[in-house]
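Chain and residue survey
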Amino acid sequence: MGVKKKQRPRQNLAAGRPPTVKRPKSITRKATKSLIGKIHVLEKRRIQAVSKGDVAEEARITAEIEALGGLKKYQEASLQGQREDRGGDSSRVLLDWLADDGVCPSTTGKDGRLRMLEVGALSTDNACSKSGLFDIERIDLNSQGDGILQQDFMQRPLPNEEAEKFDIISLSLVLNFVPEPRGRGEMLRRTLEFLHASRSYSSPPVDSLFPSLFLVLPAPCVTNSRYLDEERLEAIMSSLGYAKVKSKVTQRLVYYLWKRVAAPPVGRQFAKKELRSGGSRNNFAIVLKQEG
Ligand SMILES: C[S@@+](CC[C@H](N)C(=O)[O-])C[C@H]1O[C@@H](n2cnc3c(N)ncnc32)[C@H](O)[C@@H]1O
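Quick caveat, the model's predicted, so the values are computed rather than measured.

What counts, and at which threshold
Residues numbered from 1 in each chain as written. Predicted model: local features only at pLDDT ≥ 70, side-chain atom pairs only at ≥ 80, totals over all residues. Heavy atoms only, no water. Salt bridge = Lys/Arg side-chain N within 4 Å of Asp/Glu carboxyl O. Helix = DSSP H or I, 4+ residues; strand = E, 2+ residues; numbered from the N terminus. Buried < 20%, exposed > 50% of the residue type's maximum accessible area, 1.4 Å probe, protein only. Axes fitted to C-alpha atoms, helices over the stretch in contact; angles between N-to-C directions. Parallel < 35°, antiparallel > 145°, perpendicular 65-115°, else oblique. Left-handed = near helix turned anticlockwise from the far one by under 90°. Contact = heavy atoms within 4.5 Å. Nonpolar A, V, L, I, M, F, W, Y, C, P; charged D, E, K, R; others polar. Disulfide = S-S within 2.5 Å. Pairing = 2+ DSSP bridges. Phe/Tyr/Trp six-rings, centres within 6.5 Å; stacked < 30°, edge-to-face > 60°. Lys NZ or Arg CZ within 6 Å of the ring centre and 35° of its normal. UniProt positions renumbered as here; feature names shortened; annotations may be inferred.

This part is about the pattern of salt bridges. Per the stated rule, a full pass over the model turns up 14 salt bridges. Between Arg 113 and Asp 135 there is a salt bridge, and its shortest N-O distance comes to 3.8 Å. Of the two residues, Arg 113 is situated in the loop between helix 5 (91-100) and strand 1 (114-119) and Asp 135 in strand 2 (residues 134-140); the sequence distance between them amounts to 22 residues. A residue is classified by how much of its surface remains accessible, and Arg 113, at 46% relative accessible area, is partly exposed. One salt-bridge network, in which partners are shared between bridges, spans Glu 43, Arg 46 and Glu 58.

Shown next as C-alpha cells:
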C-alpha cells in the first residue's frame, strides 16, 4: 500500500508572489465611475453658485471638490477608464474608421500628416499618437506632463492664419465635463474657429472624412437624456455646418466623426427642450444660442 502524500491546501497565484511584488494601485471600476460622477455634479453646482454670485457657496463646493482630490484625481480616474480592461482608449475607434476607409500614413501622400488638436489630452501615447497619421497639439486644463499644454480650449487664442488651423479636433469625453448646457454649445461652436473650413485633400479617402470633429460622450448623454437624442444632436451639429460621417454606440460610450461641410447658416438656436420624459432619464443637454 502506497503512502498517501499529505495534501497542502490550495493557494491562489497571488499567494505565491514574493511579498515585495505589489500590484499597481488601481481604483475599482465602480469607484472610478462614482468619483467622476461626483465631480461632475459638484462642478455643475459650482458654476451655478458663480452665476448667482454666491461666493461662500462657490468656496464651499470648491473645497468639496478639492477634498475628493480635485481635477488631478478626476484625471487619474479617467486614465483608468482608458485601460484595455476598462474599454480602452477611445481614439482607437477613430483609427479603425480611418483604416476601414483606407486612410493610413502611406495614403495621405501629398497631404502629409494631418494636424490634430486634442482637447482634454491625458497622455501622449494613445492610439492616435502612435498611429503616424497625425501631428498632434495636445491641451488640457491640467497638464499631466511634457507634450500637453496647460490651456483652456475656451481661452485658446484664435488662429491668425490658415496654417495654424487643424484637420481634426478631438473632443473625447470633454463636452460632458462642461457643466452647463450653454457652455457645451459654445464649445462646439468654438471648434469651427480652429478647423480648416474648406480644405481639399489630394487623397480621396482623406477628402471624404476631413476636416472633422471626433466627438466622444458617455452613451447615456444621447441614449437616455431628457433633452438630447441622436436627432437633436444631428440637428445641432448640422446647424454648425457639420455632417455625421461615422458613428458608433456601445453600452458605455457614443463616438462620432463629424465632417465640416458648409458654412453654418446664421441664427439657428437650440433651447433646452424636453424630448423624452421619464423618471429614469438624465438631464444632459446642449444649448446653442446666437453668437455674440
Ligand atoms: C474625462 S477626461 C477625458 C480624457 C481623454 N480625452 C479621454 O477620452 O479619456 C476630460 C479631460 O478634459 C479636460 N478638459 C475639460 N474641459 C476642458 C477645456 N475647456 N480645455 C481643455 N481641457 C479640458 C479635463 O481637464 C480632463 O482632463
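Having seen the structure, we can now continue with the description.
Quick look at the packing of helix 2 (residues 29-52) against helix 3 (residues 55-67) now. The angle between the axes and the distance between the axes are what describe a pair of packed helices. Orientation of helix 2 relative to helix 3, taken along the N-to-C sense of each, is 160°, at an axis distance of 8 Å. Taken together, the axes of helix 2 and helix 3 are roughly antiparallel relative to one another. Seen along the crossing, helix 2 lies across helix 3 with a hand that is left-handed. Contact residues: Leu 42, Glu 43, Arg 45, Arg 46, Ala 49 and Val 50 in helix 2; Glu 57, Glu 58, Arg 60, Ile 61, Thr 62, Glu 64 and Ile 65 in helix 3. Taken together, the residues of the contact of helix 2 with helix 3 sort by class into 5 nonpolar, 1 polar and 7 charged.

Attention now goes to the state of the cysteines. Across all of its chains, the model carries 0 disulfides by this definition. The thiol of Cys 104 is unpaired, and the distance to the nearest cysteine sulfur, on Cys 128, comes to 14 Å. Assessed through its relative accessible area of 30%, Cys 104 is described here as partly exposed.

Strand order in the open sheet formed by 7 strands is 3-2-1-4-5-7-6, with mixed pairing between adjacent strands. With partners counted over all chains shown, the strands left at the sheet margins are strand 3 (149-150) and strand 6 (242-249), one partner each. Pairing of strand 5 (residues 212-218) with strand 7 (residues 253-260) involves 7 bridges; the strand directions are antiparallel. Paired with Ser 212 across the bridge in strand 7 is Lys 259. Seen against the sheet, helix 7 (residues 181-194) touches strand 4 (168-172), strand 5, strand 6 and strand 7 and runs at an angle of roughly 155° to strand 4. With respect to the sheet, helix 10 (residues 230-239) is in contact with strand 5, strand 6 and strand 7, its orientation differing from that of strand 7 by roughly 25°.

Take the pairing of strand 1 next. Of all 6 residues in strand 1, 5 are buried; the element is thus mostly enclosed. Across 6 bridges, the pairing between strand 1 and strand 2 is parallel. Considered in strand 2, the bridge of Leu 117 is made with Glu 137. With 4 bridges connecting them, strand 1 and strand 4 associate as parallel partners.

This brings us to the packing of aromatic side chains. Here the structure, examined in full by the defined rule, presents 4 aromatic pairs. Across the ring face of Phe 166, the terminal group of Arg 115 is positioned such that the distance to the ring centre comes to 4.3 Å. Positioned above the aromatic ring of Tyr 227, the side-chain terminus of Lys 272 is 4.7 Å from the ring centre.

What UniProt calls "binding site: S-adenosyl-L-methionine" (unreviewed entry) maps, in this numbering, to Gly 120 and Asp 140. A maximum C-alpha distance of 4.5 Å is found for the annotated residues, which run over 21 residues; spatially they form one tight group. Look at Gly 120 and you get partly exposed, because its relative accessible area is 24%. If near-sequence neighbours (up to four positions away) are discounted, Gly 120 is found in contact with Ile 139, Asp 140 and Val 174. Its place among the elements puts Asp 140 in strand 2. Look past the residues within four positions of Asp 140 in its chain and what remains in contact with it is Gln 75, Gly 120, Ala 121, Leu 122, Ile 148, Leu 149, Gln 150 and Gln 151.

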